[in-house]
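# Coordinates in review
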Amino acid sequence: MARLSDPVTILKGIGPAKAKQFAQLNILTLGDLICHFPRGYEDRTRLAPIEKLEVDVPGCFKAMVMNSPRTSHIRKGLDITRVQVADATARLNLTFFNNKYAAEQLQYGREYIFYGAVSGDFIGYNMTNPVFEALDSAPVVTRRVLPIYPLTAGLTNAAVLKAVRQALAVCDPPAEIIPASVRERYGILPAERAYYAIHEPASMAEAEVAKKRLIFEEFFVFSAGLALMRAARAGKQCAPYEDLNLTDFHSALPFTLTGAQQRAVEDIIRDLGRGAPMNRLVQGDVGSGKTMVAAAAAYCAVKNGRQAALMAPTEILAEQHHESLNRLFAPMGIRTALLTGSMTVKEKRLVREAIEAGEVDLAVGTHALFSQATRYKNLGLVITDEQHRFGVGQRAALSSKGCDPHLLVMSATPIPRTLALLMYGDLDVSILDELPPGREAVDTFLVGESYRARINAFIRRQVAEGHQCFVVCPAVEENEELGIKSATVWAETLQQTVFPDLRIALLHGQMKGAEKEAAMAAFARGEADVMVATTVIEVGVDVPNATLMVIEDADRFGLSQLHQLRGRVGRGKAKSYCILTSHNRNVETLQRLKALCKTTDGFKIAEEDLRLRGPGDFFGQRQSGLPTFRVANLSLDIQTLKDAQEASAAWIDAEGTADTPEAKALRERIGELFERAEGTMN
Ligand code: ADP
Ligand code: MG
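In this text the structure is predicted, and so the values were computed from the model without any measurement. (Residues numbered from 1 in each chain as written. Chains lettered and ligands numbered in written order. Predicted model: local features only at pLDDT ≥ 70, side-chain atom pairs only at ≥ 80, totals over all residues. Heavy atoms only, no water.)

### Digging into the pairing of strand 4 (residues 78–86)
- Among the nine residues that make up strand 4, seven are buried, leaving the element largely enclosed by the rest of the structure.
- Here strand 2 (residues 59–65) runs beside strand 4; their pairing, made up of two bridges, is antiparallel. When the sheet's bridge partners are listed, methionine 64 is paired in strand 4 with alanine 86.
- Where strand 3 (residues 70–75) meets strand 4, five bridges bridge the pair, whose relative direction is antiparallel. Opposite arginine 70, over in strand 4, you have arginine 82 as the bridge partner. (Buried < 20%, exposed > 50% of the residue type's maximum accessible area, 1.4 Å probe, protein only. Helix = DSSP H or I, 4+ residues; strand = E, 2+ residues; numbered from the N terminus. Pairing = 2+ DSSP bridges.)

### Considering the sheet that holds strand 23 (residues 577–581)
- In spatial order, the strands read 18-23-22-19-21-20; together these six strands make up an open sheet with parallel pairing. The sheet is open, and its two edges are formed by strand 18 (443–447) and strand 20 (504–507), each paired on a single side. Sheet twist, expressed as the average angle between the axes of neighbouring strands with direction ignored, equals 20°.
- Relative to strand 22 (residues 546–551), helix 18 (residues 559–566) is tilted by about 150°, and along the sheet it contacts strand 18, strand 19 (468–472), strand 22 and strand 23.
- Against the sheet, helix 19 (residues 587–598) touches strand 18 and strand 23, its axis set at about 160° to strand 18. (Axes fitted to C-alpha atoms, helices over the stretch in contact; angles between N-to-C directions. Contact = heavy atoms within 4.5 Å.)

### A look at the confidence of the model for the protein
- The predicted model of the protein averages 87 in pLDDT, with 90% of residues at 70 or higher.
- This model gives residues 678–682 a pLDDT under 50, and the stretch forms 18 contacts once residues within four places in sequence are excluded. (pLDDT = per-residue confidence, 0-100.)

### Notes on the packing of aromatic side chains
- Applying the stated rule across the entire model yields 14 aromatic pairs.
- On the basis of an interplanar angle of 75° and a centroid distance of 6.1 Å, the ring pair of phenylalanine 96 and phenylalanine 132 is categorised as edge-to-face. Here phenylalanine 96 is found in strand 5 (residues 91–97), whereas its partner phenylalanine 132 is found in strand 9 (residues 131–134), with 36 residues between them in sequence.
- What makes phenylalanine 132 buried here is its relative accessible area of 9%.
- An aromatic cluster is built from Phe61, Phe96, Tyr101, Tyr112, Phe114 and Phe132, whose rings are joined through pairwise contacts.
- Directly above the aromatic system of tyrosine 115 lies the positively charged group of arginine 44, at a separation of 3.6 Å from the ring centroid.
- The side chain of lysine 485 reaches across the aromatic face of tryptophan 490, ending 4.6 Å from its centre. (Phe/Tyr/Trp six-rings, centres within 6.5 Å; stacked < 30°, edge-to-face > 60°. Lys NZ or Arg CZ within 6 Å of the ring centre and 35° of its normal.)

### Overview of the site of ligand 1
- In the neighbourhood of ligand 1, 16 residues make up the surrounding shell, with Gln261, Gly287, Lys290, Thr291 and Arg439 lying closest.
- Residue glycine 287 places a main-chain N or O atom 2.6 Å away from an oxygen atom belonging to ligand 1.
- Between ligand 1 and glycine 289 there is a distance of 3.0 Å, counted from an oxygen atom to a backbone nitrogen or oxygen.
- Out of a free accessible area of 560 Å², ligand 1 has 81% covered by protein chains.
- By residue class, the composition of the shell around ligand 1 is four nonpolar, seven polar and five charged. (Near = heavy atom within 4 Å. Polar contact = N/O pair within 3.5 Å; in protein donor to acceptor, adjacent residues only side chain to side chain. Areas by Shrake-Rupley, 256 points an atom, 1.4 Å probe, with all protein chains shown as cover. Nonpolar A, V, L, I, M, F, W, Y, C, P; charged D, E, K, R; others polar.)

### Concerning the sheet that holds strand 14 (residues 362–365)
- Here seven strands make up an open sheet; going across it, the order is 13-14-12-15-16-11-17 and the pairing parallel. For this open sheet the edge positions go to strand 13 (336–339) and strand 17 (428–432), each flanked by a neighbour on one side alone. With strand direction ignored, the average angle separating the axes of adjacent strands in the sheet is 20°.
- Packed on one face of the sheet, helix 12 (residues 345–356) meets strand 12 (307–311), strand 13 and strand 14 and runs near 140° to strand 13.

### Comments concerning unusual backbone geometry
- A positive phi angle, close to 45°, is found at asparagine 98, a residue other than glycine.
- Within the fold, asparagine 98 resides in the loop between strand 5 and helix 3 (100–105).
- Even without a glycine there, the phi angle at aspartate 553 is positive, about 50°.

Spelled out as structure tokens, the structure:
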């Protein structure tokens, strides 16, 4: 018996060259091969009479060869073989190109099973290159459900099928990880049967059941992993906060909290008073006021003698947070400090010393806050902003930093329910579904190149009224091949030829941290009229005086990303606008963009985006922190996801630490999965 970890080269017919092709599909071992699932199936089980075959729809039929195949040599490299076949209902002419096998095998007067599609024209019906098998042969390409595999250049479906068959013959499929009780309850096939059936189903129905089992399995492993994390945290104790009175905080705010903010703060206060580490997600659309919710939590921690840390994904954002929180907290005697990677060594050392000595109550910064070098005197609360940039594994690392602080994560990306369940299955959730009063929706328009003059005039008008504009381009550098606008070149063009009298600034991800910082800060101070940028401005940056955003080649972005970008305007009192430009005439693309013009509901947009582009694209591949699901489709398999979550939660309660083979195998798989997910995080 071979093992799942054995290389594919132990199989017959797979040498180094073939192995390279398999490696193209990330198939290195027998296990990879067995987990290389079909992307679909062809039902070749049913035989139809020739008469009933539909034009251009492939089908299976039994027929007798009515003459000896004749092969004509047309020219070098082109031989055509013709033969006529018939059943009781009709005759059919078959044509084979360069098919010596057909010419030799098909014998006058004998019956075969064929599979192919009829093509019809005014001369009559014909079939080109059908596959066929003798009646007494084993069914390989006819009389069966044929799995269709994802392929790569040089690798045929038949080759993959053959390799998978061999693998299943020489080694056992992956071990069962779903307990029998769960399988029974949800009508789930045992692992062994499912792995065989997904590759060699006896019927389409069996293929379906096998697929369902494997989808369930993927979700089960992932949600069991999250449930284990949750259970590990739930078992932990920490001293409950006793002073939960926020009156002073509220009276220091320049406004009253919205109802949604109020509810989120109440959730948090309840968590903090409970004596177990908080593990909460605050999810709210751009501008819903998450910062003040975080501030309330920090205030509460500090009042109870603990330190709080707020981590942002970019330096710009960290600096903005620090500024606004310091403005709020300094008068109350709460000491804040900023810690980012681009500060000088000496600056960082001083801040770290202060944090360790307990002279800082609230530390705001980037990843530097959680590097080895940063030690806290009494860290009680960790807040992360824009959580989707951090991911599940990082969250686990954080909570394992020893001190088991309360954890509050904030996400401005309205996440479709399906994804939220997955990514945040280990968190409690508060939703900010209400914007502060007086916010007007950002009017959004989709236009083509013919509107260029009007766009320019509009930019000029906004600037004349004392406002500022963002112009977002999909690329940093010129890219002739794609024909899309680059921030660098477009900034130059606008400055040189369109707006020589305006102050044009440039911001993109290839600039150094300090440069970006300076450019953004200058823009926020009103030292530029138009900022031409890439998506680096996507996250959180607040410039209330910016009232117009032009997004060039908008079809290059995902809907959620566009929504995030748009959230950079409409943050002040003045009416704001967003103009999407696109050369793309594709109807679906335009519809997608028009959806954005019609609604400002981030949740609706996110659902649509998930449906259209899948979860991988949703956050950008590297940022998702989600494992890749091989079989499951996150926007379609919601019910299975729910079942798997319910089942895994029950399983953790009942036998999460049990010594059964299933429990052991499951824990192993969870480990592998999270390790892999870790690798996809930035
Ligand atoms: P986000 O949820 O996108 O992080 P912010 O916390 O940055 O939103 O808040 C956006 C703006 O709304 C900020 O200028 C903030 O001061 C303001 N704001 C927050 N809460 C309220 C409120 N309850 N009433 C009025 N303005 C508010
Ligand atoms: Mg924010």
